[in-house]
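Structural overview for review
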Amino acid sequence: MAQIAALPFALTLEPATTALIVIDMQRDFIEDGGFGASLGNDVRPLQAIVPTTARLLAAARCADIAVIHTRECHAPDLSDCPPAKRDRGDPSLRIGDQGSMGRMLIAGEPGAGIVPALAPIKGELVIDKPGKGAFYATPLGEHLKTLNIKTLIFAGVTTEVCVQTTMREANDRGFECLLAEDATESYFPQFKAATIDMIRAQGAIVGWTATTAQIEVALHD
Ligand code: C5J
């Protein structure tokens with residue numbers, strides 16, 4: 001058992017029934033020329049969490065915690081991309097358009113890949129998801145059941161979109177959910193802060209938050 005000095009109160013977890021889910025740490029969200037940048041965002045805050053996320057990954061691997069990576073991406077024929085998603089807003093490039101890292105958010109294109117510093121290793125599950133939540137239209141739920149997972153640690157981007165959506169989906173499915181505060185980031189600092197507040201409000205209504213250092217300490221004990 002490991003006890004994490006989380007907020008709003010300590011969280012106890014069993015490494016054997018815990019998984020780390022690293023959400024969408026893809027070049028398309030993190031690098032210049034990707035989808036995030038095409039929406040007019042400054043991607044540098046997202047780049048800044050890569051080393052902390054790598055530390056969290058290393059701690060999970062060392063503690064034999066299951067690691068799952070997700071990628072937001074679509075089939076090349078866009079059959080899993082609703083027009084409402086593709087057509088909304090006014091980005092300089094839309095999903096499926098050709099960018100400097102291949103077609104935007106298309107499975108198998110360089111931009112849809114996970115940044116090299118956080119590359120999955122042998123045995124780690126990689127889930128491609130067409131939505132913001134990682135449970136929607138994916139086999140994630142069945143995999144977690146097969147692995148007998150009870151607790152999920154979350155990292156990745158962006159805090160208030162794919163991370164929060166997946167965390168809420170998981171919370172509704174009965175998982176204990178912990179967000180690594182400094183291994184997640186948003187293009188909008190105020191949205192990240194509000195998401196962290198929302199998660200742990202009202203007695204952990206969505207789950208807990210803790211720093212990567214607090215998680216590392218608990219897993220090393
Ligand atoms: C977004 C994500 N922000 N991974 N995707 O469109 O959060």
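For the structure itself, look to the data block above.
Being a predicted model, the structure only gives us computed values, none of them experimental. (Residues numbered from 1 in each chain as written. Predicted model: local features only at pLDDT ≥ 70, side-chain atom pairs only at ≥ 80, totals over all residues. Heavy atoms only, no water.)

Right, let's get into the layout of surface pockets. A volume near 470 Å³ is recorded for the largest pocket. Taken together, 23 residues form the lining of the largest pocket, with F35, L39, E72, K132 and V161 sitting closest to its centre. At the level of secondary structure, the elements contributing two or more residues to the lining of the largest pocket comprise helix 2 (35–38), helix 5 (83–86) and helix 7 (159–172). For the lining of the largest pocket, the class distribution of residues is eleven nonpolar, four polar and eight charged. (1 Å grid on protein atoms, 1.4 Å probe; cavity = no way out; pocket = protein on both sides within 12 Å on 5 of 7 lines; lining within 4 Å. Points joined across faces, edges and corners; volume = space filled by probe spheres on them. Helix = DSSP H or I, 4+ residues; strand = E, 2+ residues; numbered from the N terminus. Nonpolar A, V, L, I, M, F, W, Y, C, P; charged D, E, K, R; others polar.)

In this structure the tally under the stated criterion is four aromatic pairs. Their ring planes at 85° and their centres at 6.3 Å tell us that F29 and F35 sit as a pair that is edge-to-face. Residue classification places F35 among the buried residues on the basis of a relative accessible area of 10%. Summarising the aromatic geometry, the rings of F188 and F191 are spaced 4.9 Å apart at their centres and angled 40° between planes, so their arrangement reads as tilted. Residue class for F188 comes out partly exposed when judged on its relative accessible area of 32%. Judged by its relative accessible area of 38%, F191 falls in the partly exposed class. (Phe/Tyr/Trp six-rings, centres within 6.5 Å; stacked < 30°, edge-to-face > 60°. Buried < 20%, exposed > 50% of the residue type's maximum accessible area, 1.4 Å probe, protein only.)

Membership of the largest hydrophobic core comes to 44 residues, with the highest contact counts inside it found for I4, L20, M25, F29, L178, I215 and L219. No other element matches the five residues that helix 4 (residues 50–62) contributes to this core. Residues in contact with I4, not counting those within four places in the same chain, are A10, L11, L13, L178, A210, Q214, I215 and A218. Among the nonpolar cores identified, the runner-up in size contains 22 residues, and I127, I149, F175 and L179 belong to it. (Core = buried A, V, L, I, M, F, W, Y, C linked by side-chain atoms within 4.5 Å. Contact = heavy atoms within 4.5 Å.)

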